[in-house]
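Results of the structural survey
One letter stands for each residue in the lines below.
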Amino acid sequence: MECREERPADEQAPTPLERGLLHIWQSVGSCAQVCPERVFLSRPVLQTALGEHHGLLLTQGGLVYSFGELLWRDLSVPVSDPVLEASLLGRMVVRVAAGGFHCGALSEQGNVYVWGENTAGQCGLTERGIAANITVSEPCPLTVVDSDVVPPAAVRVVNLAFGREHSLALSAQNELWAWGSGCQLGLVTNTFPVWRPQKVEHLSGRHVIQVACGAYHSLALVRSLPPQNYNTQKPSEKRERGQSPHYTVTEKEEPFVVDGGHYCPLGVELTEVMTSETSPRRRGPRRRLQPGGRSAGSSPASVASEDGKSNTKQYSIMKNLPAGTKLEPDDPLTQTDGSPKSQPLPGCRSNKKSAFPDEMELQSLLQKLSCHSLEMHHTSGPGDTDSLSSYTSDDSCVSSTPSTDLLTSSYKEDFPIKSQSNNNSGLAVPYSSSPVCLEDVRLCLEAEEQALKGKKSSSLTNINQRGNTAANRRRSLPGTPTRGSPRRRRPCACKPSSAGRTQAAAPEEADDGLPSLDTEVWSWGRGSEGQLGHGDQLARLQPLCIKPLTGEEVIQVAAGSHHSLALTAHCQVYSWGSNMCGQLGHVNSPVTVPQQTKLSDGLRVWDVSAGQSHSLLLADGDCVQPVLLYCGQRQEPMSAQSERSNPNQRSCQRSPNRAESYTVRPTLLPFCMEMGYASSVCSGGQNCTVLVDQNVMGFISAIHEMASRERQFYCWLNSVRKLLLTPLRNRESSCPSLGEPCTHLFFSLCESFVRLSTLIGRHSTSLTYFQHDVQGRDVTSLPLLMQTEHFLDSYKEYCSSVGNFQVMGGFQSLRKLSLECLDSQQTVLAQLCVSDQSVGGDADLVSLLYRPLQQLHQYSRVLLKLAACYDVLTAEYQSLHQGFSQYESLSLSLLRRKKEAETTLLFWKTHSGKTTEVLRLPQRRVVCESSNRSLTLQNAGRFSNHWFMLFNDVLVHTQGAIPSQSLFSTHHVYPLTCLWVKPVTEDSSSLYAIKITCPEESFTVVASTPQEKNKWLRSINQAVDQVLGGGGQGSSPGVMGMSRTASYTFTGEGRFKDAKYTGGWLAGRVHGRGTMKWPDGQMYSGNFKNGLEDGYGECIIPNKTLNKPDIYQGHWREGKIHGFGKYKYASGEVYEGCFSDGQRHGYGMLSSGKMAKKSSSVFIGHWVHDKKTGYGVYDDITRGEKYMGVWLDEQRHGSAVVVTQHGVYYEGTFRDNKMSGPGLLVSDDDTALHGEFSDDWTVNGKGVLSLANGDCLEGQFSGEWTAGLKVVGTYTKPVVDEPESKDRSSVLLGQYVVPAGQRWVCVFDECWSRLGCDAPGRGERAAAWENIAVTITTARRHSPDLSKSQTKVLECLEFIPQHGEPVTTANYDNIRRYLIKACETPLHPLGWLVETLVTVYRMTYVGVGSNCRLLRQAVQEVQAYLTHFYCIVRFLFPGLPDDGGIIPDPPASPAGRHNSDTAEQASVMVVSCSSLLLPLLLPRLYPPLFTLYCLQEEREEAQYWERILRINKQPDQSLLNFLGVQEKFWPVWMSILGERKQIVSTSKDACFVSAVETLQQISTTFTPSDKLLVIQKTFEELTQEVKPLLHGDFLWCMDDLLPLFLYVVFRARIRNLGAEVNLIEDLMDPNVQHGELGMMFTTLKACYIQIQREPTT
């Protein structure tokens, strides 16, 4: 490209651009001649991609332009006027890629479009083409499909990379897909081309970050697996997968040695495809001549071989060898001495258009060179550091024609050549199929002969081989790789990548949003030039990890035609592969392993690109503006002219002419400083491009300054870690010399330094990615703004670790250690110590390790610069300014910490001594001290000495102190977390006093002056504020930190002695929620108030005797158990109930389990002062007795009922825990004894014994009931049968029992107490509702595991309903619904009441209590519950009427009042406690109550059921006739599944089916009201079935209704109907007894009685 002077942008473009300015130039040419050409487009260029003779441009808006030799269209487009790819309009392209002769584009949705040459399948089988297409002229979509999933799914692609004959795609799942031809695909296949993208299985399960393609090789940047994966693998597996232990290039001490991990996965089965494919794939457009006269030609493999037979023959011999076969010396292919035979080389085939005049001379020279290299010791001199193999060509290993280069590079290790046996490495078959100038070969031969005079041997193929052992080991390696097992994939959310560069993929971020530096580089493909980096020239069919780069923090890879580059996070470039033009930037040998590029001091590379025979680097220099570095082919003016005059010169020739030259290190391109701020570089073929941004308002310069300084900072950190910290740590680990605390602190310092260094490295890498795509990034996405907390925490941690080490005097010892360990590197260390003043000793190390803190100020300064580029009202300005404030504030804060550490160190040096040493801690910093007697204790003696030292964590008071000598007799340490300070009002005595309050003591100190008082007061306040997590600014005296959370260990006498408390405090006393732990294992966790337990809490009290703790969960008051709680005793007893002042008082239930000393039992009832007193139920489970009565001081005393498991029933009086006085005893056979009792079950006195048959015995009784009675009396037998005798005896029951209204008063008292009432009905209603709301809220807060339904109920109950207004029919339902919700949860006082009543009811009447003689008491108890419950409800809702009262309708509006008079008189609602509350209680009490009813009606039920079974045997019509039902009511038809059928004489259960089914539902209801509704529905169903049989309206009469309803009762077959009838009769609402429902119930009862009285025959 001709050099022309560039005009200003405003002259060339009507709209001057500020971003994405493109400059392009050719790589050949001297530095003085190279002048980049500016390409003017209407839109900013986002990315460029260069092929060998063409290029692509991606501009803003997703437009794609092409230029160069577009062979697939027979076009030649100048770069100054690129052509728009119109077919991609609207596709929103975000990335482009250019291969050797094909192109690709990637849309925002992840779709791939390809076009160009397709002879090797590199464009794939597109949706519009077929496999036979040689070229694809227009962009066509190519779908990447994952067929391993079911159903197959399209893969979203995020990056592309193209070579000459292959293409790679990186998916959003970080998997690699490949298509095209050649081993560079990395696929497990022997069929080429691969037309459809296939997954590279060898990298399956790996996290691929970026890919790059050379001409015939591929590179991948992969995130390393976690370290534990290497430890868990077997060594064989590690070698198989290429996972040998990692080491870095910079740290290894020995040259790289090829070991067993570098296997040769070259598959010989590929040769069949290679030989079968023909060379005409290169024909056609690619032969077109360029304007310069050079051929647009192909790779050298396009040259056909004249000696095709010998070529095929020799390769077929090698092909037929099994993989891994060793070639022995007697092999036909080798000489007896182990060297290859001298035979015509098929690789040196002739070409009709060859540029070499004497083909035979060239062949002889090459053969001579081969003999020299194999038999002589080759040594390289100082000037011959590049081996001859650098001049060989990789183009020999193409798929069209087999070549010697492929053959020798694949099997050269199997030849036991003489140089290996002599432990000298010789030149390894440097034959190449590409044309080599005869002059070049002669020069190489001369260089080799000169190198023989040297002493060092070098080779590319045999690197530092150490004898026959290594050679034999390598010869025995298998030739075919083993597929690694896919590892479990780690989930990764890959963002849609904005348009960027071909080489760099979208930044891969870890969990915290920053790129990962733990990376590996994998390579595969052809390696004849060493471009794979594995230390040899072998090809690799599958990806293999490049071990020297593992751990080097590679962040970008680039691939030229036959060389490779890797950029690390610390701005170093590693290069390997072909170096014929100096494109590697160094002359180190060997070039088959990564070597560092030789960079000038002060240059830090942050972008790399590689072309055909050159490399272009973008680096930071001395100024903010980046510089361009170039290494590779150059051409002097004369040679350039001669080249242009030679039209036959091939463009792909890679052996430079004599006139060409190159430098041994990257050189600066001087024109870069005039461009602007370069953001990225790109190379391809012989072209170079750079994208430049103009510095508008200083924004670009600020971004570049931030990134440049961060990279420089990371390089400095890396040097400090490598040169200083790592050697010192290793020395200290092996031979500690710093002392125990300092050694630990030094290791902690090193760890925090490494963490900070890693963060900075990841941040600098992220900023590098940001620079590449400034146009597509939002400034608010800068890591400094997104990860602010991460940065702040890391710097704080590092500053603390340095300060802690400094305070303990570690730097003085570290200085001595560094002099011993780093004596030879003191000059390097001095260069790292950038200090304003030259100070000696350990101050250099101090300033060195404190230097990272200066970076915070740089952050804030650059953020402020960026903020100045935005308007103050924008979100960007707000975010940047907030970041500036945070980093500047932290910078000042850490500088204060540094000063505090220096002051503390000086304090310890000044007051050094054994007594003060106990106070010296790493985290402790001195604030102020009173050695000058500025502060003393109030009322202290004249001769007493007091020394106060305020640190950042404690206040120390020493007595008998001599500060000058650092001596004191006693000292007290007061933690600042539990210290309160308050100024004392100045009184007449002019004392400047300060009162200090601690948890266990308080004292007053006096300052010498008002200034000292204010100083100490402010210092203590600031120190307390800082230790509590505040900003350390302090606050107004006496107010700061009154309420706080802290930990403290009590030492004084008292309940809390030696206990450790963690929780809330208030003015020196424990207050709020906290945990108290005693040394003996006792622990309390809950609420405190004014220094004592108060509120809900859980306590564990150890019981040493039983070796098991007591556990209490419940309420406390003033340090004692008070309120409702649950106490689990170590003995196994469990008490759940009320406490008062630490004693059981009120309602409670005590259960004695199996571990109890006495028998197992349960008591539930009233307690007074820890004793059973009042009504209670005692179930003696062991004896099978249940006592229900009054207690007094743990003894049974008063009226009571006792039932036993044998059915014996007793009611009477107890005194002194035994039966004493009149009582009634009834056995299970209805024998009753009414008399005087003197002891349990012992009668002594007058009595009457009534037998079941009515006989009676009256007289004096004595003796025990179970052992036999002595009787002196009169026996009476009734003359006439009295069937009511049983009823008469049952009337006697209940005369000695406790009235139902007096039972369980304690339960209702507890409910009243929870409402805040001292006595029933005595309290404020508003306070009761507030207590309910507080209880619900507290319960929700302390119960995080509630279900959604429970939470929703509690949320509803938190709202206080309208309770003061009069109750009408409109709001009555609201009250009823509220009561239903309240009774659903035990957290509500009413819900707790219902739950407790159910508990006591079941305790009374379940088990032994299931005695039919308790039925009357059970019914009366339910009625008493309703009465007490209704009183509580009326207290909460005073608008409710008395029991049985009437509630009115809501008042009507004045306009409609005269029309509603009739309606108001008609609608009357009666409210009773049964109608309102029975639906809440009875369903829970139903099982035990109904059981008692069934036991009571057991005999009658047997008679009823016998008749039901017998009479139901009759058919319907027979039964209707038997019951006297008139025939007009007999149904004629019945419906079965919608089909109408006639009822015949044999039909059964076919009449009145709906009525029968409805009546059967009576057994599924609980309350009398629900059962009455079932009866009512049954009558309605009966009426509906009878209506069709009659004409006109009719009214039931009892004569017709009773027989018909009797039929329904018979057919319903209801078990326990008598129990149902009696339950309804006892508990039904009195208001409905005489209404319609009452009549219906009477009908059912009459039917039941009628059935009982049916004759048995």
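Everything below is about the structure printed above this text.
None of these values were measured; they are calculated from a predicted model. Sequence order as written defines the numbering, with residues in each chain counted from 1. Only residues with pLDDT of 70 or above have their local features reported here, since the model is predicted, and side-chain atom pairs are shown and tallied only from 80 upward, although totals for entire chains, interfaces and linings are computed over all residues. Where side-chain values are given, they derive from all heavy atoms of the structure, hydrogens and water being excluded.

Before going further, it helps to spend a moment on the overall build of the protein. Every helix listed is a DSSP run of H or I at least four residues long, and every strand listed is a run of E at least two residues long, numbered separately from the N terminus. Secondary structure summary: the protein contains 39 helices and 64 strands in total. Of all 1657 residues assigned to the protein, the portion counted as buried reaches 54%. Of all intrachain contacts in the protein linking residues separated by at least 6 positions in sequence, the fraction that spans at least 24 positions is 60%. Per-residue and other accessible areas were derived by the Shrake-Rupley procedure at a 1.4 Å probe size, with only the shown protein chains allowed to occlude residues. Surface summary for the protein: the accessible area is close to 71900 Å², and the carbon and sulfur share equals 51%. Working definition: with a 1.4 Å probe on protein chains only, accessible area under 20% of the residue-type maximum means buried, over 50% means exposed, and in between means partly exposed. By definition, residues are in contact when any of their heavy atoms lie within 4.5 Å.

Let's shift gears to the environment of tyrosine 769. Residue placement: tyrosine 769 occurs in helix H14 (residues 740-772). We classify tyrosine 769 as buried; its relative accessible area is 11%. At 3.2 Å, the side chain of tyrosine 769 forms a polar contact with the backbone oxygen of isoleucine 555. By the criterion applied in these results, polar contacts are pairs of N or O atoms within 3.5 Å in which, for protein atoms, one can donate a hydrogen and the other can accept it, and in which residues neighboring in sequence qualify only through two side-chain atoms.

With that settled, the discussion passes to the sheet that holds strand S17 (residues 194-199). Spatially, the four strands line up as an open sheet ordered S14-S15-S16-S17, and their pairing is antiparallel. Every other strand in the sheet has two partners, leaving strand S14 (157-162) and S17 as the edge strands with one partner each. Geometrically, the sheet is characterised by an average inter-axis angle of 20 degrees between neighbouring strands, direction not taken into account. Sheet analysis places strand S16 (residues 176-180) next to S17, joined by three bridges and oriented antiparallel. Two strands pair under a simple rule: DSSP has to find at least two bridges between them. All axes are obtained by fitting lines to C-alpha atoms, using only the stretch in contact for helices, and the reported angles, taken between N-to-C directions, cover 0 to 180 degrees.

A few words on the pattern of salt bridges. For salt bridges, the criterion is a side-chain nitrogen of Lys or Arg within 4 Å of an Asp or Glu carboxyl oxygen. Counted under the stated rule, the structure contains 35 salt bridges. Note that glutamate 1053 and lysine 1057 form a salt bridge whose closest N and O atoms lie 3.7 Å from each other. Here glutamate 1053 falls in the exposed class, since its relative accessible area comes to 72%. Across the pair arginine 1413 and aspartate 1230 runs a salt bridge, and its minimum N-O distance is 2.6 Å. Taken together, the residues arginine 1413 in the loop between helix H29 (1389-1405) and helix H30 (1415-1436) and aspartate 1230 in the loop between strand S56 (1218-1226) and strand S57 (1232-1239) connect sequence positions 183 residues apart. One network of salt bridges, in which partners are shared, links Glu705, Arg709, Arg861 and Lys865.

Here we take up the sheet that holds strand S1 (residues 21-26). Spatial ordering of the open sheet is given by S2-S1-S33-S32, a layout of four strands whose pairing is antiparallel. The sheet is open, and its two edges are formed by strand S2 (37-39) and strand S32 (677-684), each paired on a single side. Sheet twist, expressed as the average angle between the axes of neighbouring strands with direction ignored, equals 25 degrees. Pairing between S32 and strand S33 (residues 687-693): seven bridges, direction antiparallel. Each bridged residue has a counterpart across the sheet, and for cysteine 682 the counterpart in S33 is threonine 689.

Among all residues save glycine, negative phi is the norm, and among peptide bonds the norm is trans. In this structure, the amide linkage connecting valine 150 to the following residue, proline 151, adopts the cis form with an omega of -5 degrees. Mapping proline 151 onto the fold places it in the loop between strand S12 (145-146) and strand S13 (153-154). Residue serine 589 is joined to proline 590 through a cis peptide bond whose omega torsion reads 0 degrees. Relative to the assigned elements, proline 590 resides in the loop between strand S24 (573-577) and strand S25 (595-596). Residues other than glycine seldom take positive phi values, yet aspartate 1058 does so here, at roughly 65 degrees. Relative to the helices and strands, aspartate 1058 resides in the loop between strand S42 (1043-1049) and strand S43 (1060-1066).

The next point concerns the environment of glutamate 1000. Topologically, glutamate 1000 is positioned in the loop between strand S40 (992-997) and strand S41 (1002-1007). Sequence separation between glutamate 1000 and glycine 1052 is 52 residues, and the spatial gap between their C-alpha atoms is 6.8 Å. Once you skip the residues sitting within four places of it in the chain, glutamate 1000 turns out to touch Tyr1048, Thr1049, Phe1050, Thr1051 and Gly1052. Polar side-chain contacts of glutamate 1000 include one of 2.4 Å to the backbone nitrogen of glycine 1052.

Look at helix H36 (residues 1568-1586) against helix H37 (residues 1598-1612): their axes get within 12 Å of each other, and the N-to-C directions meet at 110 degrees. Comparing the axis directions of H36 and H37 gives the class roughly perpendicular. Residues Thr1578, Phe1579, Leu1582 and Val1586 of H36 form the contact with H37, whose own contacting residues are Leu1601, Leu1604, Phe1605 and Val1608. Its residues assigned to classes, the contact of H36 with H37 comprises seven nonpolar, one polar and no charged. These descriptions rest on fixed angle ranges, namely under 35 degrees for roughly parallel, over 145 for roughly antiparallel, 65 to 115 for roughly perpendicular, and the rest for oblique. Classes in brief: Ala, Val, Leu, Ile, Met, Phe, Trp, Tyr, Cys and Pro nonpolar; Asp, Glu, Lys and Arg charged; the others, Gly included, polar.

With that settled, consider the side chain of arginine 1611. Relative to the assigned elements, arginine 1611 resides in helix H37. For arginine 1611, the contacting residues outside a window of four places in its chain are Asn1512, Gln1514, Pro1515, Asp1516, Leu1519, Lys1548, Asp1549, Val1556 and Gln1560.

Turning our eyes to something else, we now look at the pairing of strand S26 (residues 604-610). Burial runs high along S26: seven of the seven residues are buried. One ladder, built from six bridges, connects S26 with strand S27 (residues 614-620); its direction is antiparallel. Looking across to S27, one finds that alanine 610 is bridged to serine 615. The hairpin formed by S26 and S27 contains three residues between the paired strands.

So, on to the environment of proline 1222. Within the secondary structure, proline 1222 is located in strand S56. Sequence spacing of proline 1222 and glycine 1235 is 13 residues, and the spatial spacing of their C-alpha atoms is 5.5 Å. Aside from chain neighbours lying at most four places away, what touches proline 1222 is Tyr1210, Gly1212, Thr1213, Gly1235, Glu1236 and Tyr1296.

Next up on the list: helix H27 (residues 1348-1358). If you check which residues of H27 are buried, you get Val1353, Leu1354 and Leu1357. Around the axis of H27, the buried residues are gathered within 95 degrees of arc, so they sit on the same side. Exposed residues lying more than 90 degrees from the buried face of H27 are Lys1348 and Lys1352. Taken together, the buried residues of H27 touch helix H26 (1325-1342) and helix H28 (1372-1382). In this description, the arc belongs to the directions extending from the helix axis to the C-beta atoms.

This paragraph deals with the pairing of strand S37 (residues 954-959). With respect to burial, S37 is a largely interior element, five of its six residues being buried. Looking at chain direction, strand S36 (residues 946-951) and S37 are connected through five bridges and run antiparallel. Bridge assignment links leucine 950 to a residue of S37, and that residue is leucine 955. Two successive antiparallel strands, S36 and S37, enclose a turn made up of two residues.

By definition, disulfides here are pairs of cysteine sulfur atoms that lie within 2.5 Å. Here the structure, examined in full by the defined rule, presents zero disulfides. Of the cysteine sulfurs around cysteine 571, a residue in no disulfide, the closest is that of cysteine 715, at 4.0 Å.

A pair of aromatic rings is counted whenever rings of Phe, Tyr or Trp (Trp by its six-membered ring) have centres within 6.5 Å, and the orientation is called stacked for planes under 30 degrees apart, edge-to-face for over 60 and tilted otherwise. Under the defined criterion, the tally for this structure stands at 56 aromatic pairs. Ring geometry for tryptophan 25 versus phenylalanine 671: centroids 5.0 Å apart, planes at 75 degrees, classification edge-to-face. Here the residue tryptophan 25 occupies a position in strand S1, and phenylalanine 671 occupies one in the loop between strand S31 (667-668) and helix H12 (672-675), the gap between them amounting to 646 residues. Cation placement over rings: the criterion is NZ of Lys or CZ of Arg within 6 Å of the ring centroid and within 35° of the ring normal. Across the ring face of tyrosine 216, the terminal group of arginine 526 is positioned such that the distance to the ring centre comes to 4.1 Å.

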